[in-house]
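Geometric and topological summary
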Amino acid sequence: MASLICLSTVCQRGIRPVLLCNTHLSRGLVAYQKKKRDVEPFPLPAGRIHAASSHSNVLSSKAASKHWTGERVLSIVLLGMVPAVYLCPGPVVDYSVAAALTLHGHWGIGQVLTDYVHGDAKIKLAKAGVFMLSTATFFGLCYFNYHDVGLCKAVALLWQI
């Protein structure tokens, strides 16, 4: 960013850098340009910053912190499940992997939707779609575990190919 500001001072045309003109995170940022040996600040246009709290109920910071911690714990548990799938396959590990993968995917897609879907109707529709997708994924994995060889055995069979 400093190089963009420096670029505008080197050109001495009085033109703001192109990349700084349309930034959405430029609140309070002031760039400088040289004119007649004077430094005159000009404010950059501030864009709209979309946040989840503007569209949904605001969670307390403690609840958000616990959710973030839960996501990290689940990621570490998933890393620990990789050797467990190989070393001790069975129904308990199959259903645990199914639940953990579904929850991990649900939270991940939910964060993508929070970042990129805007508008009340679109958010409600997207959240309903993610909930249905996560539900179908979990029930599909459970059906596979019950009526077929299970996730652990399926992975082992794939590795044998």
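Residues numbered from 1 in each chain as written. Predicted model: local features only at pLDDT ≥ 70, side-chain atom pairs only at ≥ 80, totals over all residues. Heavy atoms only, no water.

1. Remarks on the overall build of the protein chain
Across its full length, the protein chain carries six helices and two strands. Across the protein chain, helices and strands are ordered from the amino to the carboxyl terminus as α-α-β-β-α-α-α-α. By the burial criterion, 20% of the 161 residues in the protein chain qualify as buried. Partitioning the contacts of the protein chain with sequence separation of at least 6, the portion at a separation of at least 24 is 53%. Accessible surface, the protein chain as shown: approximately 11,900 Å² in total, 66% of it carbon and sulfur. (Helix = DSSP H or I, 4+ residues; strand = E, 2+ residues; numbered from the N terminus. Buried < 20%, exposed > 50% of the residue type's maximum accessible area, 1.4 Å probe, protein only. Contact = heavy atoms within 4.5 Å. Areas by Shrake-Rupley, 256 points an atom, 1.4 Å probe, with all protein chains shown as cover.)

2. Focus: the state of the cysteines
In the structure shown here, the tally under the stated rule is zero disulfides. Unpaired in terms of disulfides, cysteine 88 finds its nearest cysteine sulfur in cysteine 152, a separation of 7.7 Å. Since its relative accessible area comes to 42%, cysteine 88 is described here as partly exposed. (Disulfide = S-S within 2.5 Å.)

3. Regarding the side chain of asparagine 145
With respect to the secondary-structure elements, asparagine 145 resides in helix α5 (residues 120–147). Taking the relative accessible area as the measure of exposure, asparagine 145 reaches 9% and is therefore buried. At a separation of 3.0 Å, a polar atom in the side chain of asparagine 145 contacts the main-chain amide nitrogen of leucine 151. Apart from residues no more than four positions distant in its own chain, asparagine 145 is found in contact with Asp94, Tyr95, Ala98, Gly150 and Leu151. (Polar contact = N/O pair within 3.5 Å; in protein donor to acceptor, adjacent residues only side chain to side chain.)

4. Describing the nonpolar core
One finds Leu74, Leu78, Met81, Val85, Val93, Val97, Ala98, Ala100, Leu151 and Cys152 forming the largest nonpolar core, which totals 10 residues. Elements with a minimum of two residues in this core: α3 (61–87), α4 (91–116) and α6 (151–160). If we ignore the near neighbours within four places in the chain, the residues touching cysteine 152 are Val85, Pro89, Gly90, Val93 and Asp94. (Core = buried A, V, L, I, M, F, W, Y, C linked by side-chain atoms within 4.5 Å.)

5. Describing the confidence of the model for the protein chain
Within the protein chain, residue pLDDT values average 76, and 63% of them lie at 70 or more. Least confident of the elements in the protein chain is helix α1 (residues 2–11), whose mean pLDDT is 44; most confident is α5, at 95. (pLDDT = per-residue confidence, 0-100.)

6. Focus on α5
End to end, α5 covers 40 Å across 28 residues, agreeing with the expected 40 Å (1.5 Å per residue, within 8%). Of the positions making up α5, those classed as buried are Ile123, Ala126, Val130, Ser134, Cys142 and Asn145. Looking at the buried residues of α5, the elements they touch are α4 and α6. (Expected span 1.5 Å × (residues − 1).)

7. Describing a nonpolar patch on the surface
Residues Tyr86, Leu87, Leu158, Trp159 and Ile161 make up a contiguous nonpolar surface patch of about 720 Å² in total accessible area. When residues of the nonpolar patch are traced back to their parent elements, those giving at least two are α3 and α6. For isoleucine 161, the location among the structural elements is in the segment after α6. Using a relative accessible area of 85% as the deciding quantity, one classes isoleucine 161 as exposed. (Patch = residues over 30% accessible without salt bridge, like charges linked within 9 Å, V, L, I, M, F, W, Y side chains within 5 Å. Salt bridge = Lys/Arg side-chain N within 4 Å of Asp/Glu carboxyl O.)

8. Remarks on the pattern of salt bridges
Evaluated as defined, the whole model comprises one salt bridge. A salt bridge links glutamate 71 to arginine 72, with the nearest nitrogen and oxygen atoms 3.3 Å apart. Residue classification places glutamate 71 among the buried residues on the basis of a relative accessible area of 12%.

9. Section: the packing of aromatic side chains
In this structure the tally under the stated criterion is two aromatic pairs. Ring geometry for tyrosine 86 versus tryptophan 159: centroids 5.7 Å apart, planes at 55°, classification tilted. Here the residue tyrosine 86 occupies a position in helix α3, and tryptophan 159 occupies one in helix α6, the gap between them amounting to 73 residues. For the pair tyrosine 86 and tryptophan 159, a shared accessibility class is recorded, and that class is exposed. Summarising the aromatic geometry, the rings of phenylalanine 138 and phenylalanine 139 are spaced 5.9 Å apart at their centres and angled 55° between planes, so their arrangement reads as tilted. Looking at phenylalanine 139, the relative accessible area reads 55%, which means it is exposed. (Phe/Tyr/Trp six-rings, centres within 6.5 Å; stacked < 30°, edge-to-face > 60°.)

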